[in-house]
Amino acid sequence: MQLRPYQTEAINSLRNCIGNGNTRPVLQAATGSGKTVIAGTIINSANIKGFRTLFVVDTIDLVDQAVETFQRMGMDVGVMQGFHELDNSQAMTQVCTAQTLAARIKKSYSSWEQYPVGLIIIDECHVQYAVRDILAVLYPNIPIIGLSATPFSKGMGKFYNDLVVAVPMQQLIDEGFLKPFRVYAPDDPDLTGVKTNSKGDYDAGETEKRFTPPIVANIVQTWKQLGENRHTIGFAVNVAMSKAMAAEFVANGINAEHVDGYGSTPEQKDARLKIIERFKAGEIDVLWNVGIATKGFSDDRVSCIIDAAPTRSLSLFIQKWGRGTRVMPGGDSDCIVLDHSGNVLRNGLPPEVQITELDDGTKGNSADRKRKEEPLPKACGKCNFVKPPKVHKCPKCGFAPERQNTVEVEEGKLVEFGKNGMTAQQKADWMYQFNHIRIEKGYKKGWAIFKYKSKFKEDPAVLWPKKTVP
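I will try to describe carefully the structure that is included in this document. On a predicted model such as this, the values are computed, not experimentally measured, just so you know. (Residues numbered from 1 in each chain as written. Predicted model: local features only at pLDDT ≥ 70, side-chain atom pairs only at ≥ 80, totals over all residues. Heavy atoms only, no water.)

1. Side note on the packing of aromatic side chains
Going by this rule: Any Phe, Tyr or Trp ring, taking Trp's six-membered ring, that has another such ring centre within 6.5 Å forms a pair; planes under 30 degrees apart are called stacked, those over 60 apart edge-to-face, and the others tilted. Here a helix means four or more residues in a row that DSSP labels H or I, a strand means two or more in a row labelled E, and each is numbered from the N terminus. Residue exposure (1.4 Å probe, protein chains only): buried if accessible area is under 20% of the type maximum, exposed if over 50%, otherwise partly exposed. Charge-over-ring placement is defined geometrically: NZ (Lys) or CZ (Arg) within 6 Å of the ring centre, and within 35 degrees of the ring normal.
Evaluated as defined, the whole model comprises 11 aromatic pairs. Pairing Y184 with F385 gives two aromatic rings, centres 5.5 Å apart and planes at 75 degrees, and the pair type is edge-to-face. Separated by 201 residues along the polypeptide, Y184 in strand β8 (residues 181–184) and F385 in the loop between β14 (378–379) and β15 (386–387) bring together distant segments of the chain. F385 shares its class with Y184; the two are buried. Cluster of aromatic residues (ring-pair linked, three or more members): F181, F317 and W321. Over the ring of F159 we find R24; its NZ or CZ atom is 4.3 Å from the centre of that ring. It is K280 that lies over the ring of F297; its NZ or CZ is 5.2 Å from the centre.

2. A short note on helix α12 (residues 314–321)
Filter applied, for reference: Note on definitions: a residue-residue contact is assigned when non-hydrogen atoms from the two residues lie within 4.5 Å.
With 7 of 8 residues buried, α12 lies mostly within the body of the structure. Where α12 is buried, its residues contact β8, β9 (232–235), β12 (304–307), β13 (335–339) and α13 (343–347).

3. A word on the packing of helix α4 (residues 98–107) against helix α6 (residues 131–138)
Test applied: Orientation is described by axes fitted as lines to C-alpha atoms, over the contacting stretch for helices, and by angles from 0 to 180 degrees between their N-to-C directions. Each angle is binned into one of four classes, with values under 35 degrees roughly parallel, values over 145 roughly antiparallel, values of 65 to 115 roughly perpendicular, and all other values oblique. Handedness of a crossing is defined here by the sense of rotation of the near helix relative to the far one, left-handed for an anticlockwise turn of less than a right angle and right-handed for a clockwise turn. Three categories are distinguished: nonpolar for Ala, Val, Leu, Ile, Met, Phe, Trp, Tyr, Cys and Pro, charged for Asp, Glu, Lys and Arg, and polar for the others, with Gly belonging to the last.
Interaxial distance between α4 and α6 falls to 10 Å at its minimum, and their mutual angle equals 45 degrees. On the basis of their axis angle, the class for α4 and α6 is oblique. Relative to α6, the crossing made by α4 is left-handed. Counting all contacts with α4, which are made through A98, L101, A102 and I105, the residues of α6 involved are V131, I134, L135 and L138. Tallied by class, the residues present in the contact of α4 with α6 amount to 8 nonpolar, no polar and no charged.

Put into structure tokens, the structure is as follows:
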């Protein structure tokens with residue numbers, strides 16, 4: 001498989017990290033940049049040298065994607081996930097769900113101590129599942145590489161010891177590997193006072209009460225006006241809202257379905273898979289979801305995102321929007337985002353979110369909240385197109401709001417600099433000294449003012465307009 005230049009560079013950087021003793025690096029690569037291909041190239045190289053590799057994922061849906069990629073690369077693949085048909089512990093490449101791997105190690109730890117492994121790669125490593133630490137104890141002397149588009153989670157730097165950025169997201173857009181964003185923010189709900197959960201994100205129940213009722217119809221009409229009938233993924237606050245939105249779209253003559261990540265019975269999994277297959281086949285125009293179309297979801301046809309789920313998490317924010325940036329030959333040239341949640345006004349555009357180090361858990365090093373120190377984008381007051389920071393005239397409709405005078409004027413007058421041979425600060429110092437004597441001697445306040453007037457032939461109030469003279 002032909003690698004892109006930045007993919008080759010990322011692999012070389014990881015090798016240098018490990019060669020320099022940083023055996024637990026994290027590779028940050030944007031959604032759609034080909035992290036699995038990068039991983040497959042590294043794994044294949046390890047296999048050729050005789051090292052078995054564990055590739056760990058956190059959801060069942062990611063298993064088949066990894067297996068498909070690795071098999072296309074000609075690799076010997078086994079799967080550790082329930083009773084998978086490719087279960088083969090002797091294969092040189094093992095694709096494992098974190099849950100199954102942890103359970104098998106716990107059940108037979110002594111046999112795992114004899115199981116030869118030369119490399120471990122953990123996909124979506126920002127999730128930080130418990131098996132990561134188990135593997136580190138079981139195999140203390142082998143490299144563990146983390147992969148993530150959003151390595152912002154708190155405390156990642158306590159385990160991983162280096163960060164390799166494959167390529168900035170904006171560069172991928174500029175070079176045509178990802179689609180650029182065209183963002184509208186028609187509604188910016190007031191979430192002041194909404195409680196946060198244990199992960200620091202907005203509480204779904206309270207957000208639903210505050211956010212859902214006023215704009216249900218607005219979301220449908222906005223999509224009909226601005227969504228250009230594109231293949232669309234919608235993100236809702238919770239399952240109830242997602243189902244309601246799908247029903248509202250259907251009532252307006254639009255093919256829509258709801259899907260969520262809850263339910264683990266074979267029937268529920270099968271129903272979920274069939275809906276996703278119909279969406280990818282183009283039979284469904286708008287797929288509303290909760291907990292499905294974030295990490296690992298891939299459909300190059302998607303070119304519109306409806307974000308109706310406010311979040312404070314940069315990881316979740318970027319994962320959601322990244323579903324619409326993959327390039328499809330002959331497809332749409334950009335990704336339209338209808339940001340009913342106001343997330344872009346809260347977090348900035350995904351290409352602007354950059355970090356240079358992993359969060360190590362210390363105060364002031366919270367990578368999940370880091371942003372470039374630049375102004376955030378703003379929505380146009382006329383068409384709601386989100387303008388880049390510092391752009392006054394809307395690039396979409398040409399509207400340029402009249403600049404407002406924001407200078408506040410206080411009462412007072414200018415004092416000539418250096419009058420009586422002293423600056424204003426020096427005269428103020430004299431007033432403070434007079435006041436100190438007054439307090440020490442027990443004199444009335446007027447004594448200090450009288451002494452100041454006698455010396456400078458002016459009222460001390462000119463130095464403290466709108467304030468009480470000391």
